Amino acid sequence: KNEVEQSPQNLTAQEGEFITINCSYSVGISALHWLQQHPGGGIVSLFMLSSGKKKHGRLIATINIQEKHSSLHITASHPRDSAVYICAVRSVLTGMRFGAGTRLTVKP
Amino acid sequence: GAVVSQHPSRVICKSGTSVKIECRSLDFQATTMFWYRQFPKQSLMLMATSNEGSKATYEQGVEKDKFLINHASLTLSTLTVTSAHPEDSSFYICSARQSGNTIYFGEGSWLTVV
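Parameters and conventions
- Residues numbered from 1 in each chain as written.
- Chains lettered and ligands numbered in written order.
- Predicted model: local features only at pLDDT ≥ 70, side-chain atom pairs only at ≥ 80, totals over all residues.
- Heavy atoms only, no water.
- Contact = heavy atoms within 4.5 Å.
- Buried area = accessible area lost by both parts, 1.4 Å probe.
- Salt bridge = Lys/Arg side-chain N within 4 Å of Asp/Glu carboxyl O.
- Helix = DSSP H or I, 4+ residues; strand = E, 2+ residues; numbered from the N terminus.
- Buried < 20%, exposed > 50% of the residue type's maximum accessible area, 1.4 Å probe, protein only.
- Pairing = 2+ DSSP bridges.

This next bit is on the interface of chain A and chain B. Taken together, the 19 residues of chain A in the interface contact 16 residues of chain B. In total, chain A and chain B occlude about 1400 Å² of area from one another, counting both sides; carbon and sulfur atoms represent 58% of this. Scanning the region where chain A abuts chain B turns up 1 salt bridge. Measuring nitrogen to oxygen at the nearest pair gives 3.1 Å for the salt bridge that ties Glu59(B) to Arg97(A). At the level of elements, strand S4 (31–37), strand S5 (43–49), strand S9 (83–91) and strand S10 (95–98) of chain A are the ones that each hand at least two residues to the side of chain A that touches chain B. Here the element with the most residues in the side of chain A that touches chain B is S4(A); it accounts for 4 residues.

What follows is the structure, given as structure tokens:
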């Protein structure tokens, strides 16, 4: 079993829809990252969380440490949000571990 | 904001040769840098953790004699793929950790071994 599980694997949405991507992990962590990877491969770090909730523009990330679960929400989705979103956790014991990614396609 | 620069962004090399990829933190000192590899349509995989001035810590299954990592200064880490083979063709990304848990990613380097 992967230490980091993401769902869904693929997600297609219409422009304007509210999107949620989920991440569950099984190890104790010091931080959780949400990353965005564009088709060219470049990676942008969207959020780093250790507790609670963070918001940046149309993006919201939450984490529940007790339940070992995090969600990334995108409000009013736009075609430019189309990318692969990756959940990554940092554990003192295991280092960085990555989810398989969620491929998001937002159609106009 | 903080920037991590990787060079080259794309490189093609002949089988059997070595190729070096550089990772620089441009406006902060990174005591720890990380190297990852990503095969097509697969998730990122951590290869090694590099601490300035000491030997890198390699993940299980990563050959340390093949993937040489040097972190000689607080702003530069290099990954050298030695005796490259076509199966080493991949996307290699570095990241650098600023103080605390903030991690910044490089743009990545596409390696093609022919």
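Further notes follow.
Residues and elements named next belong to chain B. The element strand S4 (residues 32–38) is extensively covered by neighbouring structure, given that 7 of its 7 residues are classed as buried. Alternating residues of S4 divide into Thr32, Phe34, Tyr36 and Gln38 and Met33, Trp35 and Arg37, and every residue in both groups is buried. In this structure, S4 lies alongside strand S5 (residues 45–51), joined through 6 bridges in antiparallel fashion. Within the sheet, the bridge partner assigned to Phe34 lies in S5 and is Thr49. Counted along the chain from S4 to the antiparallel partner S5, the turn is 6 residues long, and its residue Lys41 has a positive phi close to 60 degrees. The pairing of S4 with strand S9 (residues 90–97) spans 7 bridges and is antiparallel. Across the sheet, Trp35 pairs through a bridge with Cys94, a residue of S9.

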